[in-house]
Amino acid sequence: MSNYTFPKGFLWGGAIAANQTEGAYLEGNKGLTIVDLLPTGKKRMDAMLGNISSFTPQEGEFYPAHEAIDFYHRYKEDIALFAEMGFKALRVSIAWSRIFPTGEEEAPNEAGLQFYDDLFDELVRNNIEPVVTLAHFDVPMNLIEKYGSWRSRKLVGLFETYAKTVFARYQDKVKYWMTFNEINMLLHLPFLGAGLAFGEGANKKQIQYQAAHHQLVASALAVKACHEMIPDAKIGCMLAAGTVYPYTCNPEDIFQGMEKDRESYFFIDVQSRGEYPGYAKRFFKDNDISIEMEDEDAAILKEHTVDYIGFSYYSSRATSADPEVNKNVTGGNVFASIRNPYLAASEWGWPIDPKGFRITANQLYDRYQKPLFVVENGLGAVDEVTPEGEINDDYRIDYLKQHIAEMGEAIEDGVEIIGYTSWGPIDIVSASSGEMKKRYGYIYVDRDNEGNGSLTRIKKKSFGWYKNVIKSNGQDL
Ligand code: BG6
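Keep in mind that what you see is a predicted model, and the values were worked out from it rather than measured.

When you go through the protein chain residue by residue, the secondary structure sums to 16 helices and 12 strands. The C-alpha atoms of the protein chain give 21 Å as radius of gyration, which agrees with the globular expectation for 477 residues (23 Å, within 12%). Expressed as a percentage of the 477 residues in the protein chain, the buried residues total 51%.

For the rest of this paragraph, the subject is the environment of histidine 73. Mapped onto the secondary structure, histidine 73 falls in helix α3 (residues 71–85). Taking the C-alpha atoms as reference points, histidine 73 and glutamate 388, separated by 315 residues in sequence, lie 28 Å from one another.

Our focus in this paragraph is the nonpolar core. If you look at soluble globular proteins, the nonpolar side chains tend to sit buried side by side. Residues Ile94, Leu239, Ile309, Phe311, Leu372, Val374 and Met407 are the most contacted members of the largest nonpolar core, which totals 140 residues. Among the elements that line this core, the one with the most residues is helix α9 (residues 204–229), at 13 residues. In this view, isoleucine 94 contacts Ala18, Ile99, Tyr116, Val132, Leu134 and Val166; residues no more than four positions away in its chain are not counted. One finds Val244, Tyr247, Ala318 and Ile338 within the second-largest nonpolar core, a separate group that totals 5 residues.

What follows is about unusual backbone geometry. Positive phi, close to 55°, is recorded for glutamine 369, a residue that is not glycine. Within the secondary structure layout, glutamine 369 lies in the loop between α14 (354–368) and β9 (372–376). We classify glutamine 369 as exposed; it has 10 C-beta atoms within 10 Å.

Look at helix α15 (residues 394–412) against helix α16 (residues 461–471): their axes get within 9 Å of each other, and the N-to-C directions meet at 20°. Looking at the two axes, α15 sits roughly parallel to α16. When you trace α15 past α16, the crossing you get is right-handed. Across the interface between the two elements, Asp394, Arg396, Ile397 and Ile404 of α15 pack against Lys461, Ser462, Trp465 and Val469 of α16. Tallied by class, the residues present in the contact of α15 with α16 amount to 4 nonpolar, 1 polar and 3 charged.

Our focus in this paragraph is the site of the ligand. Taken together, 14 residues surround the ligand, and among them Glu182, Gly380, Ser430, Ala431 and Ser432 come closest. Along the lines of polarity and charge, the residues of the shell around the ligand split into 4 nonpolar, 7 polar and 3 charged.

Compared with the 21 Å implied by 1.5 Å per residue over 15 residues, the 18 Å span of α3 between its first and last C-alpha is markedly short. Along α3, the largest kink reaches about 40° and is centred on glutamate 77. Looking at α3, one finds that the buried residues are Phe71, Tyr72, Tyr75, Asp78, Phe82 and Met85. Buried residues along α3 sit in contact with β1 (11–15), α1 (18–21), β2 (89–93), α5 (110–125), β12 (457–459) and α16.

For the rest of this paragraph, the subject is helix α10 (residues 251–273). If you check α10, its first and last C-alpha atoms are just 28 Å apart, much less than what 23 residues at 1.5 Å a residue would give, namely 33 Å. Of all the bends found along α10, the most pronounced is centred on serine 264 and spans about 45°. By the burial criterion, the buried members of α10 are Gly257, Lys260, Asp261, Ser264, Tyr265, Phe266, Phe267, Ile268, Val270, Gln271 and Ser272. Phi turns positive, to about 85°, at glycine 274, one or two residues after α10.

This part takes up the sheet that holds strand β10 (residues 417–423). Taken in spatial order, the 8 strands close into a barrel running β1-β2-β3-β4-β5-β7-β9-β10, and their pairing is parallel. Neighbour-to-neighbour, the strand axes of the sheet open up by a mean angle of 30°, direction not taken into account. As judged from the 5 bridges shared by β1 and β10, these two strands associate in the parallel manner. Paired with alanine 15 across the two strands is tryptophan 423, which belongs to β10. Across the sheet, α9 is in contact with β3 (129–135), β4 (176–180) and β5 (234–241); its angle to β4 comes to roughly 160°.

Cut-offs and rules
- Residues numbered from 1 in each chain as written.
- Predicted model: local features only at pLDDT ≥ 70, side-chain atom pairs only at ≥ 80, totals over all residues.
- Helix = DSSP H or I, 4+ residues; strand = E, 2+ residues; numbered from the N terminus.
- Rg over C-alpha atoms; globule rule 2.2 N^0.38 Å.
- Buried ≥ 20, exposed ≤ 12 C-beta atoms within 10 Å, placed from the backbone.
- Core = buried A, V, L, I, M, F, W, Y, C linked by C-beta atoms within 7 Å.
- Contact = placed C-beta atoms within 7 Å.
- Axes fitted to C-alpha atoms, helices over the stretch in contact; angles between N-to-C directions.
- Parallel < 35°, antiparallel > 145°, perpendicular 65-115°, else oblique.
- Left-handed = near helix turned anticlockwise from the far one by under 90°.
- Nonpolar A, V, L, I, M, F, W, Y, C, P; charged D, E, K, R; others polar.
- Near = placed C-beta within 6 Å.
- Expected span 1.5 Å × (residues − 1).
- Bend = angle between axes of the 7 residues up to and from the residue.
- Pairing = 2+ DSSP bridges.

Below you can see the structure in the form of structure tokens.
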């Protein structure tokens, strides 16, 4: 027996996102969105960083999101498998461009609305609580092309209309909402996170923080609408979390670690506490950033704070004030981090740090004193199918086991956690690399990096393992 217990009604499950899962990129009148322009290979990183000039898919490139794992047509089969594992919750996102294909229509697209009605009905039928993100790396392409995406105030109103439309439609089916997935991604991969593309010589920091302000106001307006329209719902924010360790106990390193953490906390400080923190004001001043705000913004932010803190945790990070030490960065991870000599890493160079999960959860709770929801965690790894058709993913079980145990410890530490939805319970397209080879699932999908494969679903060894975890409410790891 472990020395922790998970609360009754704990929301065990998995998390996926429209942009990496659905495919059917033009079906049901859907408009183009960010990932529809992200190819595989070297060009992907460049595009995600915002170096992108054409807003139409190019001949001869492969765009993995166009078909993804065809969840759009196969969701019933997939949900049946989630139900077999005993899922209590499934985190999904709504593709904004299915509801408003250009982002600016007068009336929403009925085919898009119907798709999510059917999806949520199927979840509810299977006793799985839908947890819905309004924007998971998703901005209709027309808004990127016409307004420069979130750098324009125009998007605030358009997003509010979109949010109100889906709240009205799904108010009886969805009780857990989140506004922007990994809102801090905007600083790291600005095109992926927020549809921001940059011309030559652009003042990127200025544009990013102006866009962040617009997202923060839009998020608060969505919180307001959700509270008014669905009083029994909860709506949260979502942070790409992972505490930053100072490399040494040199105060310079400690300070650097604090600054790096604040780079991310900045967003949640506004969404949860309702105002710009003092350190941000200093940062803007030191960096010549001036944010245009409307008179009513301060009140909007203050009055409409989130109910819970959603976060993803894959690994901790490390930093140093010494430029020489800082050169020793880990591969793969979009949040630049020094290689931590105490930690092993995944095949993609992401450090593996279960204790860091407990530390991160404690720090977030200490800071915000609001319930936490772990809405992503997992190991991206290469899986081999044996000649017998089995996938023995003990490495994944091992990673998850250690992380769930540390989550249990965090709960014992007094941290309030309402659920755990591991990332990619079924293999989906990797956000950062576009690969299918980087798999997180309990369910294998027969598809490769080039788009070949039957899309058949196969249960991995971890499938039965996770089923037991849920059945035992986290006791049987
Ligand atoms: C988070 C995202 O950054 O991490 C997901 O919210 C993403 O969309 C996940 O897929 C894992 O990252 P990757 O690059 O391995 O797919």
